[in-house]
Amino acid sequence: MEVTEQSERRTARALYALLDLAKALSSEIDLDSLLKVIEEKASSVVEAERTNAFVLDSARGLPIGVAGEVARTRSVVNIVDAGSLLAVPIISSGGELLGVLQSMNKMTADRFDDDDESLMMAVASHVAVAIERARFTALSIENERLAAGLKLASEIQMRMLPSATVALSDDSPFEMHAYIRPAKMVGGDLYDFALKGNRLYFCIGDVSGKGIGSALVMALTKTLFRANAAYYADAAKLMEAVNVRLYEETGPTMFVTAFCGFLDLNDGMLRFSNAGHDRPFLLRRDGTVELLESKPGLALGVMPKFRYPLQDTTLARGDALFLYTDGVTEATNASEELFTMERLRDTLEGCAGDSVVRVLEKAIDAVDGFVEQAPQADDIAMMCIRYLGVRRRAAAFDRNLEELPRVMRLAERLDQAVRFPVELALEEIFTNIVKHNPAGKSNIGIDLDIIENEVVITITDFDTPRFDPIADAPEVDIGQTLENRTAGGLGIHLVKKMMDRIEYSHQNRTGTITLRKRMN
């Protein structure tokens, strides 16, 4: 009877200790702290002098001795040799070996018995759950930290790029819009642009690979382009400078395809260079779409030195350049079909008359509509730049011939084909007004505007009697020799010949002359 009572009391103590262990394990999530709890509570369960918990680590390999034998065989070891030792494997519910639990020196007997083995196996089951929970919690925390880090990296990366929507004045000679969408939190596509006087610098690029490495190279590439663009007006020289540094700073498996150019806002001249990038599309103002003739060049960072080709073309007013990365044309749907360059061209052909913002919206919608629910496999970047030329320029001038240089600057951004006749007209009309009404009390206003395909110049004298410098100028007999020709009128005669239309009105002592000149 006494033996039975002792056995029952022992069983009760063991069960209470096991329950205490389960509670302790459920409240601890840090693995190092968890191991201390395991070693303390497991000893109470089997009444051992001490317990060691060995958690398998791929970096350290299997433990040595008895624990190592248990790990290899996944079997219980219970031995008596100058003391008692009980070791059991810790196995997850999915059959993964997580470690070994080893208790030494039974304090109430000379050895561990079958009940102790059963209790230790129960302890090992609880420990397996606790270890998996601790590992999952640590992994979740690490994933959260990684996600937060990637989110911050993505925000920083996007902040490095100039604003996709550019706020421009009504008389800006260009309009542009950009769009970028990484396939993951961070990406390897990039774009950049900056206005440098009357030249617009721009570039678009695509770093090989994906992930953090590509994102770092993207940031480096964008920085190199912007820094060197301040010193180079030649797109090919700019490419060469960026290439040298990328080769020095990146590994042999990393390279960047890129397209960069400088657009002269005075005359629409585009000088560009291509480093292995997809050729841009030209969207002509008449609605036609064509690929820009471009030599491919070598991707940046492949060789330490490479001479990139410099090419040029002229954008007429209303023409646009559409740039993109291969994430657009190689976007795939669920059937693994590519969006292709042909579909992109078809989309762009439906953009005649659209703003650059609308062009990009249509291209994005076309890609997304094609891929539907298929995951995005590659980064996507697009940029559209439309050349508008000089549109409206207005100013007020003193009634003084010394203002002529300022007057002439109104025409400085016009194409060469119309600049000379416009300058001649401005000089002649302004000079005639000043000479005819030198005592006028107000300034002379001149407004130069581009309306569709026509230069429209409006010259207003706000304080003058009726004086039409065109109609009132003396007739010039071109057939007469200079000696016999009446002085004056030759400049006005040339103005009449060079302008397509001239109008004059006078009301409330305000005279207005309107000159029109077609640009082609």
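Preceding block: the structure.
Residues numbered from 1 in each chain as written. Predicted model: local features only at pLDDT ≥ 70, side-chain atom pairs only at ≥ 80, totals over all residues. Heavy atoms only, no water.

Before going further, it helps to examine unusual backbone geometry. In this structure, Asn105 is a non-glycine residue whose phi angle is positive, near 65°. Tracing the sequence through the fold places Asn105 in strand E4 (residues 97–106). Overall, Asn105 belongs to the partly exposed group, its relative accessible area being 24%. A positive phi angle is found at Thr340, which is not glycine, with a value near 75°. (Helix = DSSP H or I, 4+ residues; strand = E, 2+ residues; numbered from the N terminus. Buried < 20%, exposed > 50% of the residue type's maximum accessible area, 1.4 Å probe, protein only.)

A separate point is the environment of His177. Within the secondary structure, His177 sits in strand E5 (residues 174–181). Placed 178 residues apart in sequence, His177 and Ser355 show a C-alpha to C-alpha distance of 9.2 Å.

With antiparallel pairing, the five strands of this open sheet are ordered in space as E15-E16-E17-E19-E18. Of all strands in the sheet, those bounded by a partner on one side alone are strand E15 (393–397) and strand E18 (501–507). Strand-to-strand, the axes of this sheet are offset by a mean angle of 15°, without reference to chain direction. Here strand E16 (residues 444–451) runs beside strand E17 (residues 454–461); their pairing, made up of eight bridges, is antiparallel. Bridge pairing in E17 links Ile450 to Val455. Contacts from helix H11 (residues 416–436) reach E15, E16, E17 and strand E19 (510–518) within the one sheet, and its direction differs from that of E17 by about 10°. (Pairing = 2+ DSSP bridges. Axes fitted to C-alpha atoms, helices over the stretch in contact; angles between N-to-C directions. Contact = heavy atoms within 4.5 Å.)

The next thing to look at is the pairing of strand E13 (residues 320–324). When you tally the buried positions in E13, you get five out of five residues, the bulk of the element. Of the two faces of E13, the one lined by Ala320, Phe322 and Tyr324 and the one lined by Leu321 and Leu323 are each fully buried. Across three bridges, strand E10 (residues 281–283) lies against E13 in antiparallel orientation. Paired with Leu282 across the two strands is Leu321, which belongs to E13. Examined bridge by bridge, E13 and strand E14 (residues 380–387) share five bridges and lie antiparallel to one another. Within the sheet, the bridge partner assigned to Ala320 lies in E14 and is Arg386.

With that out of the way, let us pick up the nonpolar core. Of all hydrophobic cores here, the largest spans 30 residues; its most connected members are Leu426, Ile446, Val455, Ile457 and Ile459. Going through the elements one at a time, helix H10 (404–409), H11, E16, E17, helix H12 (490–498) and E19 are the ones with two or more residues in this core. Counting residues per element, this core draws most heavily on H11, at nine residues. Every residue in contact with Ile457, bar those within four places of it in the chain, is listed here: Val422, Leu426, Ile446, Asp447, Leu448, Ile513, Thr514 and Leu515. Grouped together as the second largest cluster of nonpolar side chains are 25 residues, Leu190, Met218, Leu238 and Tyr308 included. (Core = buried A, V, L, I, M, F, W, Y, C linked by side-chain atoms within 4.5 Å.)

So, on to the pattern of salt bridges. Applying the stated criterion across every chain yields a total of 21 salt bridges. Here Asp354 ties to Lys362 by a salt bridge, and the two come within 2.7 Å at their closest N and O atoms. When its relative accessible area of 23% is taken as the criterion, Lys362 is described as partly exposed. Residue Glu361 pairs with Arg358 through a salt bridge whose shortest N-O separation is 3.2 Å. Residue Glu361 and its partner Arg358 are both found in helix H9 (residues 356–371); the two are separated by three residues, about one turn of the helix. (Salt bridge = Lys/Arg side-chain N within 4 Å of Asp/Glu carboxyl O.)

A few words now on helix H8 (residues 340–349). Buried within H8 we find Leu344, Thr347 and Leu348. Projected down its long axis, H8 shows its buried positions confined to an angular sector of 95°, all on one face. The outward face of H8, more than 90 degrees from its buried face, is lined by the exposed residues Glu342 and Asp346. Next to the buried residues of H8 lie E10, strand E11 (289–291), E13, helix H7 (326–329) and H9. (Arc of directions from axis to C-beta.)

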